[in-house]
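Each chain is listed here by its residues.
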Amino acid sequence: MPALAPLADAAPPVLEARRLTLDYVTEAGSVRAVENVDFSVGAGERLVLLGPSGCGKSSILKALAGFIPATSGTVLVRGHPVSGPGPDRIVVFQEFDQLLPWKTVRDNVAFPLRIARKLSRREAEARAEGAIARVGLTRALDAFPHALSGGMKQRVAIARALATDPDVLLMDEPFAALDALTRRQLQEDLLKLADELGFTLVFVTHAIDEAVLIGTRLHLLSPHPGRTLTTRDTAHLGLADMGTPAFESLTREVHTLLFGSERGHV
Ligand SMILES: Nc1ncnc2c1ncn2[C@@H]1O[C@H](COP(=O)(O)OP(=O)(O)OP(=O)(O)O)[C@@H](O)[C@H]1O
C-alpha cells in the first residue's frame, strides 16, 4: 500500500488570516477594529465577511490587501506572510471613481497589466479586450469612465481585476451603490465568471441575501470590534435557490445570529 503523504506537505490555503487583530491609531488614542479573527480560503472558494456596520469588514479586507498592517496575528498568501500590497491580490471597491478618468475603458484595464505584469502595449491591450468582453462591455472599449453608468464602471473594475489573473480577488461591497436590478445582474455575472474562471474570492457585504448568494462560506462577525461569531457553509445555495425555503431559512438564521431578530438585511 502506498504511504500517505505527510500533512506538512499539503499545499497551504490560498489565503489565511491567523488571529488577526487590527487597531487604528488616532489622535484620541487607539481604536480596536478587529480582534483575533481566523479564517482560511482554499482555491476557488468564495468567503463572505458579513456583519453589522463598523464591525471591521473593510479593515479585514484592507489587511488582506496589504494596505494596513496587522497589530498582531498574520495574513498569509499561499503560506507566505503579507507585508504590503501585491499583484497577487486585487481589490474591487464600492466607489464608482476607482477608474482613471483620463483613460478609456481599454486603457483602464490594460494599464495595470503593463505596470504589474510588465506586458507590452499590444499584449496588454489584447488581454484587456478579452477581459472586457467577459464582462459584456466590448461596445464601450473606447469610452471614457464619465460616459459609463455605475454598473458599467463596476464591470470595468471587475474586468481590470480579472485581467491581471490575481491569486485572490478582494471585493469591498462592490455592488452596494447600484440599483436593485443592476445589482442582481452583476451578482449573476460574478457567479458566472467564478464558474468559468474558478477564482478565489473574499467578498464584503452587509446584505445577507447577497452573502448567501455569492459565498461558498459565510464568516459572521460580531459588532465592533469585530470578532468571529461563527461560520456557515453556503456552497450548496446559488441563484436557482433564491426564494426557496432552504435559502430563506438560512437568511433568517444568519439574521438571528447577527441581530437576535429576523429580517433580510443588516
Ligand atoms: N482610518 C481609520 N481611523 C480610525 N478608525 C477607523 C478607520 N477606519 C475604520 N475605523 C474604525 O474601525 C472600525 C471598523 O471599520 P470598518 O470600516 O472596517 O467597518 P465595516 O464593517 O467595513 O463598516 P461598514 O459596513 O459601515 O462599511 C469602525 O469602528 C471604524 O470607525
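None of these values were measured; they are calculated from a predicted model. (Residues numbered from 1 in each chain as written. Predicted model: local features only at pLDDT ≥ 70, side-chain atom pairs only at ≥ 80, totals over all residues.)

### Concerning the overall build of the protein
Phase 1: The number of helices and strands found in the protein is seven helices and 10 strands.
Phase 2: Principal axes of the C-alpha set define a box for the protein whose edges measure 60 × 50 × 45 Å.
Phase 3: Taking all 266 residues of the protein together, the buried fraction comes to 36%. (Helix = DSSP H or I, 4+ residues; strand = E, 2+ residues; numbered from the N terminus. Buried ≥ 20, exposed ≤ 12 C-beta atoms within 10 Å, placed from the backbone.)

### Some words on the packing of helix 2 (residues 105-116) against helix 4 (residues 150-163)
Phase 1: In the contact formed by helix 2 and helix 4, the axes pass within 9 Å of each other and the chain directions differ by 30°. Taken together, the axes of helix 2 and helix 4 lie roughly parallel to each other. Like other packed secondary-structure pairs, helix 2 and helix 4 cross with a definite hand, here right-handed. Each of V105, N108, V109, P112 and L113 in helix 2 lies in contact with helix 4, whose residues at this interface are V156, A159, R160 and A163.
Phase 2: A breakdown of the residues in the contact of helix 2 with helix 4 according to their chemical character gives seven nonpolar, one polar and one charged. (Axes fitted to C-alpha atoms, helices over the stretch in contact; angles between N-to-C directions. Parallel < 35°, antiparallel > 145°, perpendicular 65-115°, else oblique. Left-handed = near helix turned anticlockwise from the far one by under 90°. Contact = placed C-beta atoms within 7 Å. Nonpolar A, V, L, I, M, F, W, Y, C, P; charged D, E, K, R; others polar.)

### A few points about the UniProt feature "domain: ABC transporter" (unreviewed entry) in the protein
Phase 1: The UniProt entry lists residues 17-250 under the feature "domain: ABC transporter" (unreviewed entry), expressed in the numbering used here.
Phase 2: For residues 17-250, the helix share is 34%, the strand share is 26%, and the end-to-end C-alpha distance is 25 Å. (UniProt positions renumbered as here; feature names shortened; annotations may be inferred.)

### Considering the site of the ligand
Phase 1: Close to the ligand lie 14 residues, the nearest being Y24, A33, S53, S58 and S59.
Phase 2: Top element by residues in the shell around the ligand is helix 1 (residues 57-65). It accounts for three residues. (Near = placed C-beta within 6 Å.)

### Points about the pairing of strand 10 (residues 228-233)
Phase 1: Summarising the sheet, strand 9 (residues 217-221) and strand 10 pair through five bridges and their orientation is antiparallel. When the bridges of strand 10 are listed, L220 appears paired with T230. (Pairing = 2+ DSSP bridges.)

### Examining the sheet that holds strand 1 (residues 15-26)
Phase 1: One open sheet accounts for four strands, arranged 2-1-4-5; its pairing is antiparallel. The sheet is open, and its two edges are formed by strand 2 (29-41) and strand 5 (80-81), each paired on a single side.
Phase 2: With five bridges connecting them, strand 1 and strand 4 (residues 72-77) associate as antiparallel partners. From the neighbouring strand, E16 faces strand 4, where its bridge partner is L76.
Phase 3: Against the sheet, helix 1 makes contact with strand 1, strand 2 and strand 4, and its axis sits at roughly 110° relative to strand 1, the strand it touches most.

### Description of the environment of A163
Phase 1: On the secondary structure map, A163 appears in helix 4.
Phase 2: Setting aside residues no more than four positions away along its own chain, A163 makes contact with V109, L113, R127, A128 and A131.

### Observations regarding the domain arrangement of the protein
Interface extent is often summarised as the accessible area lost during association of the parts.
Phase 1: Partitioning the protein into domains gives domain 1 (11-88 + 167-259) and domain 2 (100-165).
Phase 2: Each of domain 1 and domain 2 was reduced to a C-alpha centroid, and the two centroids are 25 Å apart.
Phase 3: The interface of domain 1 with domain 2 comprises 11 residues on the first partner and 10 residues on the second.
Phase 4: For the side of domain 1 that touches domain 2, the leading source of residues is helix 5 (residues 180-197), giving five residues.
Phase 5: Across the side of domain 1 that touches domain 2, the residue classes break down as nine nonpolar, one polar and one charged. (Domains from an automatic or database assignment.)

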